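Chain and residue survey
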Amino acid sequence: MVSSCELCCEIFIAILLPPVGVCLRHGCCTVEFFICLVLTCLGYLPGIIYAVYAILFLNRDEYFDEYRRPIYYVA
């Protein structure tokens with residue numbers, strides 16, 4: 001669970017530099033980061049909107065383990 005201070009700092013960074021805020025939350029080689037980078041290059045405001053959306057509403061921790069799970073894994 002993310003603390004409220006950490007979340008506020010990430011949102012503040014996402015407003016100043018949207019791709020950096022997404023990079024802190026999701027990593028630098030993810031789809032979310034590249035979408036934010038493209039949107040920021042096309043316009044600063046769409047980059048901010050997507051960065052705040054990616055930080056607040058996209059939770060990769062819920063489905064990230066499913067992709068990294070080995071094929072032979074038995075639940």
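Check the entry above for the structure.
Residues numbered from 1 in each chain as written. Predicted model: local features only at pLDDT ≥ 70, side-chain atom pairs only at ≥ 80, totals over all residues. Heavy atoms only, no water.

A look at helix α3 (residues 31-42)
The end-to-end C-alpha distance of α3 is 17 Å, a good match for the 16 Å that 12 residues give at a rise of 1.5 Å each. Within α3 the residues assigned to the buried category are E32, F33, C36 and T40. Buried positions in α3, seen along its axis, are confined to an arc of 100° and lie on one side of it. Turned more than 90 degrees away from the buried face of α3 sit V31, C41 and L42, all of them exposed. (Helix = DSSP H or I, 4+ residues; strand = E, 2+ residues; numbered from the N terminus. Expected span 1.5 Å × (residues − 1). Buried < 20%, exposed > 50% of the residue type's maximum accessible area, 1.4 Å probe, protein only. Arc of directions from axis to C-beta.)

Observations regarding the environment of V20
The topology assignment puts V20 in helix α2 (residues 18-26). Distance from V20 to L37, taken between C-alpha atoms, is 9.1 Å for residues 17 residues apart in sequence.

A closer look at helix α4 (residues 44-56)
Between its terminal C-alpha atoms α4 stretches 18 Å, which fits the 18 Å expected from 13 residues at 1.5 Å a residue. All of the buried residues in α4 are G47, I48, Y50, A51, A54 and I55. The secondary structure elements touched by the buried residues of α4 are α1 (4-16), α2 and α3. (Contact = heavy atoms within 4.5 Å.)

Considering a nonpolar patch on the surface
Taken together, F12, L16, L17, V20, L24 and Y44 make up a surface patch of nonpolar side chains, about 600 Å² in accessible area. Looking at where F12 falls in the secondary structure, it is placed in helix α1. On the accessibility criterion, F12 (53% relative accessible area) is exposed. (Patch = residues over 30% accessible without salt bridge, like charges linked within 9 Å, V, L, I, M, F, W, Y side chains within 5 Å. Areas by Shrake-Rupley, 256 points an atom, 1.4 Å probe, with all protein chains shown as cover. Salt bridge = Lys/Arg side-chain N within 4 Å of Asp/Glu carboxyl O.)

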